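Architecture and fold: a report
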Amino acid sequence: MERNNTASETRKSSIPLLANKAEEGESFSSASSRSIPSVLMLSTFVAVLGSYVFGSAVGYSSPSQSGIMHDLNLALAQYSIFGSILTIGAMIGAILSGTIADYVGRRLAMGFADVFCIFGWVAISISKDAWWLYVGRLFVGYGIGLLSYVVPVYVAEITPKNLRGGFTTLHQLMICIGMSLTYLMGAYLNWRVVSLIGTIPCLVQLLSLPFIPDSPRWLSKVDRLKESDSALQRLRGKNADVYQEATEIREYTETLQQQKEASLVGLFQLQYLKSLTVGVGLMILQQFGGINGIIFYANSIFISAGFSQSIGTVAMVIVKIPMTTLGVFLMDKSGRRPLLLVSAVGTCLGCFLAALSFFLQDLNKWEELIPILALVGVLVYVGSYSIGMGAIPWVIMSEIFPINVKGSAGSFVTFVNWLCSWIVSYAFNFLMSWSSAGTFFIFCGVCGLTVVFVARLVPETKGRTLEQIQASLNSYSTKK
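As annotated in an unreviewed UniProt entry, the chain carries the name Major facilitator superfamily (MFS) profile domain-containing protein and comes from Stylosanthes scabra. The UniProt entry for the chain carries the following text under Subcellular location (unreviewed entry): "Membrane". Quoted verbatim from the Sequence similarities (unreviewed entry) heading of the UniProt record, the comment on the chain is "Belongs to the major facilitator superfamily. Sugar transporter (TC 2.A.1.1) family."

1. Re the overall build of the chain
When you go through the chain residue by residue, the secondary structure sums to 23 helices and zero strands. Here the chain holds 480 residues, and the buried ones make up 58% of them. Residue pairs at least 24 apart in sequence account for 84% of intrachain contacts in the chain once pairs closer than 6 positions are excluded. Summing over all exposed atoms, the chain offers an accessible surface of approximately 19300 Å²; the carbon and sulfur share of this is 67%.

2. Regarding the state of the cysteines
Within the structure shown, the criterion is met by zero disulfides. In this model cysteine 202 remains outside any disulfide bridge; the closest cysteine sulfur is found in cysteine 117, 4.8 Å from its own. Of all cysteine sulfurs in the structure, the one in cysteine 348 sits closest to cysteine 444, which takes part in no disulfide; the separation is 3.5 Å.

3. A short note on helix α19 (residues 370-389)
Relative to the 28 Å expected for 20 residues at 1.5 Å per residue, α19 spans 27 Å between its end C-alpha atoms, a close match to the ideal helical length. The buried fraction of α19 is high, at 17 of 20 residues.

4. Here's the deal with the packing of aromatic side chains
In the structure shown here, the tally under the stated rule is 14 aromatic pairs. Ring centres 4.6 Å apart and planes at 45° place the aromatic pair phenylalanine 116 and tyrosine 142 in the tilted group. One end of the pair, phenylalanine 116, is in helix α6 (residues 106-125); the other, tyrosine 142, is in helix α7 (residues 130-158), and 26 residues separate them in sequence. With relative accessibility at 22%, the residue phenylalanine 116 sits in the partly exposed group. Relative to phenylalanine 441, the ring of phenylalanine 352 has its centre 6.2 Å away and its plane inclined at 65°; by these criteria the two rings are edge-to-face. A residue pair is termed long-range when its members are at least 10 positions apart, and phenylalanine 352 in helix α18 (residues 336-363) and phenylalanine 441 in helix α22 (residues 436-457) qualify at 89 residues. One aromatic cluster is present, formed by Phe112, Phe116, Phe119, Phe139 and Tyr142 through successive ring pairs. The ring of phenylalanine 82 has arginine 137 sitting right over it, with the charged end atom 5.0 Å from the ring centre.

5. Observations concerning the nonpolar core
Among the nonpolar cores identified, the biggest contains 111 residues, and Ile68, Leu133, Ile144 and Phe440 are the most heavily contacted of them. Among the elements that make up this core, the one with the highest residue count is α7 (15 residues). Here leucine 133 is in contact with Ile68, Leu72, Leu74, Phe82, Ile124, Ser127 and Trp191, once residues within four sequence places are set aside.

6. Let's talk about the side chain of serine 275
Along the chain, the position of serine 275 falls in helix α14 (residues 273-288). Accessibility expressed as a relative area gives 0% for serine 275, which makes it buried. A polar side-chain atom of serine 275 sits 3.4 Å from the main-chain carbonyl oxygen of isoleucine 400.

7. Concerning the packing of helix α4 (residues 38-71) against helix α10 (residues 199-208)
The geometry of α4 relative to α10 is characterised by a closest axis approach of 9 Å and an angle of 160° between their N-to-C directions. Regarding the angle of α4 to α10, the classification is roughly antiparallel. In this structure, α4 meets α10 at a crossing whose hand is left-handed. In this structure, α4 uses Val46, Ala47, Leu49, Gly50, Tyr52 and Val53 to contact α10, whose residues at the interface are Pro201, Cys202, Val204, Gln205 and Ser208.

8. Considering the environment of cysteine 202
If you trace the backbone, cysteine 202 turns up in helix α10. In the structure, cysteine 202 is positioned 81 residues away from tryptophan 121 in sequence and 9.9 Å away in space, judged by C-alpha atoms. Those residues in contact with cysteine 202 that lie beyond four places of it in its chain are Val53, Asp114, Cys117, Ile118 and Trp121.

9. Looking at the pattern of salt bridges
This model, assessed by the stated rule, comprises six salt bridges. Taking the shortest distance from any N to any O, the salt bridge between glutamate 399 and arginine 336 comes out at 2.6 Å. You can see glutamate 399 sitting in helix α20 (residues 392-400) and its partner arginine 336 sitting in helix α18, a full 63 residues away along the chain. Across this residue pair, the class does not change: glutamate 399 and arginine 336 are buried. Taken together, the shared-partner salt bridges connect Asp102, Arg106 and Glu157 into one network.

10. Considering the packing of α14 against helix α21 (residues 406-434)
Relative to each other, α14 and α21 sit at 20°, their axes nearing to 8 Å. The pairing of α14 with α21 is recorded here as roughly parallel in orientation. Viewed along their axes, α14 and α21 form a crossing whose handedness is right-handed. Here Leu276, Gly279, Val280, Met283, Ile284, Gln286, Gln287 and Phe288 of α14 come into contact with α21, specifically with Phe412, Val413, Val416, Asn417, Cys420, Ser421, Ile423 and Val424. The residue inventory of the contact of α14 with α21, partitioned by class, reads eleven nonpolar, five polar and no charged.

11. Here we look at unusual backbone geometry
In this structure, asparagine 73 is a non-glycine residue whose phi angle is positive, near 55°. Positionally, asparagine 73 belongs in the loop between α4 and α5 (76-104). For asparagine 73, a relative accessible area of 66% puts it in the exposed group. Of note, the phi angle at aspartate 223 is positive, near 65°, even though the residue is not glycine.

12. Structural notes on the side chain of threonine 347
Relative to the helices and strands, threonine 347 resides in helix α18. A relative accessible area of 3% means that threonine 347 is categorised as buried. The residues touching threonine 347, leaving out its near neighbours within four places in the chain, are Tyr381, Ser384, Tyr385 and Cys447.

13. Digging into the confidence of the model for the chain
In this model, the chain carries a mean pLDDT of 82, and residues with pLDDT of at least 70 account for 85%. Contacts from residues 1-33, a stretch scored under 50 in pLDDT, to residues over four places away or in other chains number 44 contacts. Below a pLDDT of 50 lies the segment residues 476-480, which in the model reaches 14 contacts outside its immediate sequence neighbourhood of four places, other chains included.

Rules used throughout
- Residues numbered from 1 in each chain as written.
- Predicted model: local features only at pLDDT ≥ 70, side-chain atom pairs only at ≥ 80, totals over all residues.
- Heavy atoms only, no water.
- UniProt positions renumbered as here; feature names shortened; annotations may be inferred.
- Helix = DSSP H or I, 4+ residues; strand = E, 2+ residues; numbered from the N terminus.
- Buried < 20%, exposed > 50% of the residue type's maximum accessible area, 1.4 Å probe, protein only.
- Contact = heavy atoms within 4.5 Å.
- Areas by Shrake-Rupley, 256 points an atom, 1.4 Å probe, with all protein chains shown as cover.
- Disulfide = S-S within 2.5 Å.
- Expected span 1.5 Å × (residues − 1).
- Phe/Tyr/Trp six-rings, centres within 6.5 Å; stacked < 30°, edge-to-face > 60°.
- Lys NZ or Arg CZ within 6 Å of the ring centre and 35° of its normal.
- Core = buried A, V, L, I, M, F, W, Y, C linked by side-chain atoms within 4.5 Å.
- Polar contact = N/O pair within 3.5 Å; in protein donor to acceptor, adjacent residues only side chain to side chain.
- Axes fitted to C-alpha atoms, helices over the stretch in contact; angles between N-to-C directions.
- Parallel < 35°, antiparallel > 145°, perpendicular 65-115°, else oblique.
- Left-handed = near helix turned anticlockwise from the far one by under 90°.
- Salt bridge = Lys/Arg side-chain N within 4 Å of Asp/Glu carboxyl O.
- Nonpolar A, V, L, I, M, F, W, Y, C, P; charged D, E, K, R; others polar.
- pLDDT = per-residue confidence, 0-100.

Here it is as structure tokens:
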């Protein structure tokens, strides 16, 4: 109790104007209805530059394949190692992401990831043999594994509850933009040039980080109370009343500090069971629904179905960006669960149509419809995935874990996502060799299971503060 009183007095003394503002009846919600603070927009933009880096890394290997294999005289097996080693690096980055973000803060963690990505892109651009390619790709993978955790967490922790969903979804939108632009650049530019262009967003983010505040919630967690209050005030606007929000963050953090910092093993306790089930379950279903197999090998899918790979790839880009943008605008209006349900149903339908096209191909029936059915199926899948399943699992991951377990829990959930991504991307070609129709029927079944999982277990987090969400999910959170 003595510690709580001291912390409370410290906070009040660090922001003497806040109490007066609260008495005058000012509220951030009224202010936010008029405008979004420029510091909040700048901080979010700088953070999601890391998401662009993520997307460009994922999108690089497909359009660069022929150029790299020709210039460096690589066999297909060697290039497959180059493509897949990205996920290995990302898994390593994911394991360490929570620890790094908790130790140095969200902002410095992004800078740390940028340094690795810059080194990786430069190594790829100057490669003379396969080994430099592998080293560069591994470093880029490590960087994006760290960014895939810290970006959505940082954005969720700095935004108010009425904007959090849409702002956090920008993570997926920028991944989509990064992937799409890299596809297009790779079609017209040399692979070395494209890899050097990949360093630009990393450098911009790295140089911009000193101009944005760190997460108020992380600053409060490490007892930097004055800096937490100052950061919160900057993010909400100089005339906004942040007293109530600052107090809620402080009180919730003080309650959590009475709990032992959870290790990875300590996560598997009854009090964290629901959060962990939701977070891990969504990531497994997201990846085993087939997204990376379909995105990584879209060209071969279209060729197998007898369709033009160039038309199919352009059509995917045309569908993916608008649908992801629509998801950003709908996130804080419709809520997370309805969008997830619509998205899961759509991906299920898309997989079914693609499976049906290959099934008809095996039967040698309605052959003129097979390419169109395959294209429609893939586009329905990609569009449906983009509106919900792509972004929302990351949004919910950033919302449901309390600050004392966010590092270890976030690392574990992100690692699971990348592990499943590797499994799907590695196994996809083998599955397609076994049965193209069977592969998509399996993905269809997983997407159908996702509908049930979301309907039964996933909570609606729209319009609630992070502290309210976490208290409702974690049994100890409300105990004093």
